Amino acid sequence: MNLNDSIQVLKGVGAKRKEILEKMNIRTVKDLVYTFPRKYEDRRTVSYIMNAPFNEDVLLEVIVVSKKLQGSPYNKKAPLKVLVEDSTGNLELVFFNAKYLAGYFFPGQQLTLFGKITLNNGRRQMVHPEFHRTGDKDDIRGLFPVYPLTEGLTQGQMRNLQLLAEPYHGLIREWLPPEIVDDNNLCPPSYAVTNIHFPSEERRVLEGRYRLVFEELLILQTGLFYIKKGIKSFQKGIKLDKNVGVDEFLNNMRFQLTEGQKRAYKEIEADLEDSRPMNRLVQGDVGSGKTVVAELAMYKTVKCGFQAVMMAPTELLARQHIETLKKDFEPLGVRCELLSGSMKVKERRELLEDLKEGKIQILVGTHAIIQPDVEFADLGLVVTDEQHRFGVEQRNLLTRKGKDPNVLVMTATPIPRTLAVILFGDLDISIIDTLPKGRKPIKTFLRYEESRNKIYDFVRDKVKEGSQAYVVAPLIEESDAIKVRSAEEIYDELVPRYPGVRIGLVHGAMKPKEKDEIMLSFKNGEIDVLVSTVVIEVGIDVPNATIMVIENCERFGLAQLHQLRGRVGRGEKQSYCILISGSKGEIAEKRNNIMVSSSDGFVIAEEDLKLRGPGEIFGTRQHGIPELGIADLVKNVDILNKVRVIAEDIIEKDPALSEPEDLELRDRIRMMFGDKISLNL
Ligand code: ADP
Ligand code: MG
């Protein structure tokens with residue numbers, strides 16, 4: 001008997017079951033044992049028929065009053081109805097297509113039931129409940145584990161498999177060093193696993209859970225540190241000359257750097273002057289001025305004789321960047337070019353030739369710059385803007401266009417520090433936590449449908465004063481049952497209301513090129529009010545736009561609302577964000593109020609995380625983070641903090657994880673990361 005035995009050693013697991021389990025990455029008994037319940041169904045408290053809630057699973061203890069088969073006795077499909085009662089009242093059990101069950105019940109019999117009570121023509125019913133008769137083998141009471149499943153596998157089958165694997169629990173040995181076990185009060189892993197699968201007592205489940213969350217996070221964190229260390233210690237990158245400064249650039253600037261920008265650049269500069277390749281994430285709220293920090297890094301790189309490339313998630317952002325870069329760099333004699341999707345073949349070929357010969361020092365573009373025919377003479381720096389839009393893979397492809405170039409990634413998605421360390425485990429992090437001086441805080445208001453007229457008037461007045469406005473509507477999905485206003489509808493409403501005002505419309509069905517053109521006219525001040533679905537790109541910079549109206553704001557994630565709001569408040573004038581909520585529900589209210597009361601992206605992100613969880617927000621898969629079986633990066637943040645210190649220590653002492661005491665850890669890292677991340681283990 002061995003934990004690494006194939007799952008097929010278990011009774012009843014044949015080729016077909018094996019295939020189904022494989023879909024869940026369960027191949028060995030160990031894999032099965034480490035597949036944990038997502039939650040527990042609490043079937044310990046008995047409810048009474050007349051007091052029990054409808055449509056929720058409840059546990060009842062009843063006595064059978066009578067039974068009858070409806071319809072013709074020759075009809076196999078005739079439903080079986082069993083009348084049962086407890087001290088408060090009675091209830092009808094309904095079993096369709098189950099004539100054979102008739103013999104199971106008799107008047108006076110005691111039954112335990114588990115199921116949902118529904119109301120049918122004023123009669124309480126339970127359709128196909130789970131039931132237990134005195135003497136039946138499987139009890140239906142207690143705490144029941146609820147497992148993640150896949151098609152072709154039922155909860156009952158999974159529970160049964162776990163039962164078959166129970167004899168293997170004893171083989172799980174303690175693998176953490178005694179100091180860690182003692183310091184953190186961890187129970188033995190075999191005890192933990194048994195109690196997670198077979199919850200006899202809540203206290204034991206909690207003890208077990210703590211242990212398993214702890215070890216899972218330790219494996220995750222150590223794995224990520226290992227990868228980071230590997231990148232750092234094995235690669236030799238480009239080392240830029242310490243004596244080359246960026247003063248000309250700074251002297252040419254229209255503004256002073258903020259403290260946050262200075263600090264971030266200092267950290268970047270140190271990386272650039274080191275022989276190890278830079279791998280740094282710059283995180284800064286919308287409008288904190290990340291672009292100029294990237295420009296400084298590019299300038300230093302170019303002055304040292306290398307090329308730089310900047311990748312933006314959309315053509316529009318790329319165009320915005322090239323405009324800024326040209327303005328800032330051309331006076332200094334640096335050639336910047338945009339590789340655009342709309343270039344003519346000949347134009348493109350010439351540009352690529354110049355790039356290959358080193359005549360172009362800075363290239364900007366969308367992910368189109370990953371294409372194989374884009375070659376550099378000597379690529380020294382790769383910048384990706386709005387990193388969360390790109391996967392690790394895309395970043396890596398771009399990096400391979402040079403010989404271990406420095407890498408700078410920028411994101412406006414505010415990520416709580418602990419989580420950032422996990423998500424960007426392979427990156428160092430700089431945070432720009434200051435906004436440029438003179439920004440007026442955006443005034444945010446929460447309004448409902450009844451104020452629509454007033455809001456429209458307000459927008460018109462501001463536009464007449466020379467400001468520009470965004471009106472954003474959520475994307476309408478076909479499945480939408482609830483009425484949501486579409487961008488088109490709003491546009492049709494505004495046109496007659498606003499004579500003399502130039503209104504633009506961007507909607508989901510448009511081609512990217514059409515969208516970009518309209519966005520560009522807005523940027524150039526040729527459109528006063530832009531009505532759109534959520535295509536207003538992150539990062540677009542229109543300082544004259546001071547009004548942001550968001551329709552059906554309850555449809556947006558908090559972080560998304562924050563991003564949208566960040567489109568205004570970029571100039572001298574007072575800016576406004578008006579959230580129009582289509583729901584007065586409690587949760588909607590709570591979320592909306594967070595937006596009204598906070599302008600801090602980090603605070604909003606924390607709240608968003610609590611409401612939605614990290615997977616949904618950051619697409620953890622995209623970041624190359626393996627799926628977790630029991631730990632929750634948000635709820636278990638305290639454990640994560642403890643574990644981080646321990647993981648740092650382990651990697652410090654044994655960077656290759658080759659010492660005997662780290663072998664199991666190494667194995668578990670391999671098990672967790674699989675082929676998602678290449679480990680040199
Ligand atoms: P983001 O961090 O959202 O990418 P940007 O780099 O687009 O922000 O900068 C937002 C705006 O702030 C730009 O118009 C930029 O020129 C301006 N800006 C950046 N840094 C400063 C600063 N230190 N002082 C004043 N304005 C600044
Ligand atoms: Mg930006």
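Residues numbered from 1 in each chain as written. Chains lettered and ligands numbered in written order. Predicted model: local features only at pLDDT ≥ 70, side-chain atom pairs only at ≥ 80, totals over all residues. Heavy atoms only, no water.

*Asks:* Just checking my understanding: could you explain the environment of A165 for this structure?
*Replies:* Residue placement: A165 occurs in helix α3 (residues 155-165). Taking relative accessible area as the criterion, A165 reaches 0% and is therefore assigned buried. Discounting chain neighbours no more than four positions away, the residues touching A165 are L10, V29, L32 and V33. (Helix = DSSP H or I, 4+ residues; strand = E, 2+ residues; numbered from the N terminus. Buried < 20%, exposed > 50% of the residue type's maximum accessible area, 1.4 Å probe, protein only. Contact = heavy atoms within 4.5 Å.)

*Asks:* Where do I start with the side chain of Q162 in this structure?
*Replies:* On the secondary structure map, Q162 appears in helix α3. There is a polar contact of 3.1 Å between the side chain of Q162 and the backbone oxygen of L32. Looking at Q162, its side chain comes within polar contact range of the main-chain oxygen of T35, at 3.4 Å. (Polar contact = N/O pair within 3.5 Å; in protein donor to acceptor, adjacent residues only side chain to side chain.)

*Asks:* Would you mind going over the sheet that holds strand β22 (residues 576-581) with me for this structure?
*Replies:* Where strands meet in a sheet, backbone hydrogen bonds hold them as pairs that are either parallel or antiparallel. With respect to topology, six strands assemble into an open sheet ordered β17-β22-β21-β18-β20-β19, the strand pairing being parallel. Where the open sheet ends on each side, the last strands, each with one partner, are β17 (443-448) and β19 (503-506). Neighbouring strand axes in the sheet, compared pairwise and without regard to direction, differ in orientation by 15° on average. Helix-sheet contacts for helix α14 (residues 452-464) involve β17, β18 (468-473), β20 (529-533), β21 (545-551) and β22, and the interaxial angle to β21 is about 160°. (Pairing = 2+ DSSP bridges. Axes fitted to C-alpha atoms, helices over the stretch in contact; angles between N-to-C directions.)

*Asks:* Can you walk me through the nonpolar core in this structure?
*Replies:* What tends to happen in soluble globular proteins is that the nonpolar side chains get buried as a cluster. Counting 57 residues, the largest nonpolar core has L10, L32, M158, L161, L217 and L220 as the members making the most contacts within it. Counting residues per element, this core draws most heavily on helix α6 (residues 202-234), at 12 residues. Excluding its chain neighbours within four sequence positions, the residues that come into contact with L217 are A631, L633, N636, I639, L640 and V643. (Core = buried A, V, L, I, M, F, W, Y, C linked by side-chain atoms within 4.5 Å.)

*Asks:* How should unusual backbone geometry be read in this particular structure?
*Replies:* What you tend to see is this: most non-glycine residues have negative phi, and most peptide bonds are trans. Unlike most non-glycine residues, N25 shows phi in positive territory, near 60°. By the element assignment, N25 lies in the loop between α1 (15-22) and α2 (29-33). Phi angles above zero are rare outside glycine, and N185 is one such case at about 55°. Mapped onto the fold, N185 is located in the loop between α4 (178-183) and α5 (189-197). Classification of N185 as exposed rests on a relative accessible area of 70%.

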